[in-house]
Amino acid sequence: MLQIIIEGRGGQGAQTAGNLLASAFFAEGLEVQSFATYGGARRGTPVRSIIRIDDRPIRTRSDIERADAILCFDSSLLDARLLRAARPDTLIVVNSVREPGHFANALPGYRVVPVDGIGLARRHGLGRIVNSVLLGAFARALEAPPLAVLERAISDEAPALKEANAAACEEGYRTVDAQLKRGMA
Amino acid sequence: MRNAPPDRMLLTGNHAVAWAARLARPKVLPVYPITPQTPILEKLSEFEAKGELDAEVITPESEHSVMAASIAASLAGARVFTATASQGLLLMHELLHYASGARAPIVVANVNRTVASPWGFWPDETDSLAQRDAGWIQFYCESAQDCLDTVIAAFRIAESVLVPAMVNLDAFYVSHALEPVSVPGQELVDAFLPPYSPPHRIDPQNPESWGNVVSQEMYCRHRRDLGEAMARVFEVALETEREWSRLTGRSSPIIERYRCEGARTVIVAMGSLCGTARDAVDALREGAEAVGLLKVRLFRPLPVEALRAALAGVAEILVLDRNYSPGYGGVLHQELRGALYGIADPPKIHGRLAGVGGVNVSAERIAELVREAAAGEARRESVWVEG
């Protein structure tokens, strides 16, 4: 079973992102579970989205104590509280303008992939709505789900700017792809 | 029906409830929003607005008025559905008794959420368990699929015995969990659930009176009638389950035994904890520990005979309560002690307050609780589990 946490602040779209990710894996024929818990349905408070993916029906209904991967919508949330749910090999994708080297120093022992979500979202006319960019970036780092499947899930569900959201997803994907290739070079 | 659903859809527990209600073709939907139930009524309003559901949506000013409108519509012969949670259910309390006394077979979905004070949004079943004496049938659901199947079955059972039914689902773990759900076609549900046609109804053309002042003897007889109707629920639920299983291939018994064969310890739980407990049972069985799960899906009427039969010969019982009755403990724990009183070779019954207020309970924690219970003495009172 693959266990994923998406951590964001109320209003950023972490819950929607969790459901979109689950939809994409479901479209791939996998079993999924996605839910969010929030501390009062208020804008700005931390929201945690829980996503489980498996090739057999998912029965457990609890929080994720140790995640295989974390997508963090706001670098101010990448703190000890969130890292309690991480192991050293947990993939962490974070919305941040900082370089990978910064996180290698700040959080030694963790695998952190930063992506400038706001910068890329603005370039696609999406303002501060970063979830399409971050999902693309996350899918590349996680190597699943396939970009085309994720883009379709985003275009199907986006209430507006379907093409801009799909393009933002793709750019997030490509940006991380380039970053990872640089890292390997 | 337009837009026939594909067989397997990704739905939250809330939206599975809304789909089930839509397929049941209710005529009146009095609704009032409250977290975490609001997506149910939003989806139903959307179905109605798109012309996919032919029902009158009413928006009274409180949950108390929602139940008042539900009773009136039900007594006029309409199929009625509504949904609520926590404080909303508590505000309905007075009229819950009225609905069962008036024999109005309304179906209510209640999303189990902590009751104030303090304020919270977390899964906790104290809200509905506090209504256990209100004369309503009560179901507790484990998954979105369980919600869909149970809401549809609840209409058939409630209308057969003329007793209202409450279908409960845990906040977030079920209400907001998006997961694959098999959604039956309208024709299948129409065949399973014929239109509601009660023997008596409020009808200006054929006046009858309702809710009169009665004598002591009449009141007493009325309560006994309600009890007899409740007692018929077991048989009706069994017949309903058989028919649903024949049509869909899915079976939802009033109590379900999961890997209980030869079990030395049986976990007894309701709602979302059952899913997590299944994983705990599988892990323990892999380690050759004889452990099973008994899922209590129907809590009112309490299936006492079925519980006694299912738990006969078991050495240890671990009851998990995601609720708390201050001054007595876990409601299921204490009810089970009563249900099993006088059984031959009585099992040790360990009650654990696990997940109260939405505290996380993992499969690993449940496995630990099983081992700890087997190693210790059973206490009369329910024991708090640290998160």
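Everything numeric in this text was worked out from a predicted model, so none of it was measured.

1. Topic: the overall build of chain A
Logical step 1: Looking only at helices and strands, chain A features seven helices and six strands.
Logical step 2: Counting helices and strands in the order they occur from the N terminus, chain A gives β-α-β-β-β-α-β-α-β-α-α-α-α.
Logical step 3: The C-alpha atoms of chain A give a radius of gyration of 15 Å, which matches the 16 Å a tight globule of 185 residues would have.
Logical step 4: The dimensions of chain A, computed from C-alpha atoms along their principal axes, are 40 × 35 × 35 Å.
Logical step 5: Of all 185 residues assigned to chain A, the portion counted as buried reaches 55%.
Logical step 6: Contacts in chain A between residues at least 24 apart in sequence constitute 55% of all its contacts with a sequence separation of at least 6.
Logical step 7: With an accessible surface of roughly 8100 Å², chain A has 50% of that area assigned to carbon and sulfur atoms.
Logical step 8: Where the 23 positive side-chain charges of chain A centre and where its 21 negative ones centre are 5 Å apart.

2. Concerning the sheet that holds strand 9 (residues 255–258) of chain B
Residues and elements named next belong to chain B.
Logical step 1: Ordered in space as 9-11-10-13-14-15, the six strands form an open sheet in which the pairing is mixed. Looking along the sheet, the strands with just one partner apiece sit at the ends: strand 9 and strand 15 (383–384).
Logical step 2: In terms of strand pairing, strand 14 (residues 348–353) meets strand 15 through two bridges, oriented parallel. Looking at strand 15, one finds that R352 is bridged to V383.
Logical step 3: On the sheet, helix 9 (residues 273–286) packs against strand 9, strand 10 (265–269), strand 11 (291–296) and strand 13 (316–321) and is oriented at approximately 165 degrees with respect to strand 11.

3. Considerations on the interface of chain B and chain A
How large an interface is tends to be reported as the accessible area lost when its parts come together.
Logical step 1: Residue-level contacts link 25 residues of chain B with 21 residues of chain A.
Logical step 2: Contact between chain B and chain A buries roughly 2100 Å² in total, counting both sides, with carbon and sulfur atoms accounting for 53%.
Logical step 3: Together, B:L10, B:Y173 and B:L178 form the three largest contributors to the area buried by chain B at its contact with chain A, with a combined 26%.
Logical step 4: Our count for the contact surface shared by chain B and chain A stands at four salt bridges.
Logical step 5: Put simply, A:R59 and B:D282 hold a salt bridge, and the shortest N to O gap is 2.6 Å.
Logical step 6: Taken together, the elements giving at least two residues each to the side of chain B that touches chain A come down to strand 1 (8–11), strand 8 (179–182) and helix 9 of chain B.
Logical step 7: The element that contributes the greatest number of residues to the side of chain B that touches chain A is helix 9 of chain B, accounting for five residues.
Logical step 8: Classifying every residue of the side of chain B that touches chain A by side-chain character gives twelve nonpolar, seven polar and six charged.

Parameters and conventions
- Residues numbered from 1 in each chain as written.
- Chains lettered and ligands numbered in written order.
- Predicted model: local features only at pLDDT ≥ 70, side-chain atom pairs only at ≥ 80, totals over all residues.
- Heavy atoms only, no water.
- Helix = DSSP H or I, 4+ residues; strand = E, 2+ residues; numbered from the N terminus.
- Rg over C-alpha atoms; globule rule 2.2 N^0.38 Å.
- Buried < 20%, exposed > 50% of the residue type's maximum accessible area, 1.4 Å probe, protein only.
- Contact = heavy atoms within 4.5 Å.
- Areas by Shrake-Rupley, 256 points an atom, 1.4 Å probe, with all protein chains shown as cover.
- Lys, Arg positive; Asp, Glu negative; His and termini not counted.
- Charge placed at Lys NZ, Arg CZ, Asp CG, Glu CD.
- Pairing = 2+ DSSP bridges.
- Axes fitted to C-alpha atoms, helices over the stretch in contact; angles between N-to-C directions.
- Buried area = accessible area lost by both parts, 1.4 Å probe.
- Salt bridge = Lys/Arg side-chain N within 4 Å of Asp/Glu carboxyl O.
- Nonpolar A, V, L, I, M, F, W, Y, C, P; charged D, E, K, R; others polar.

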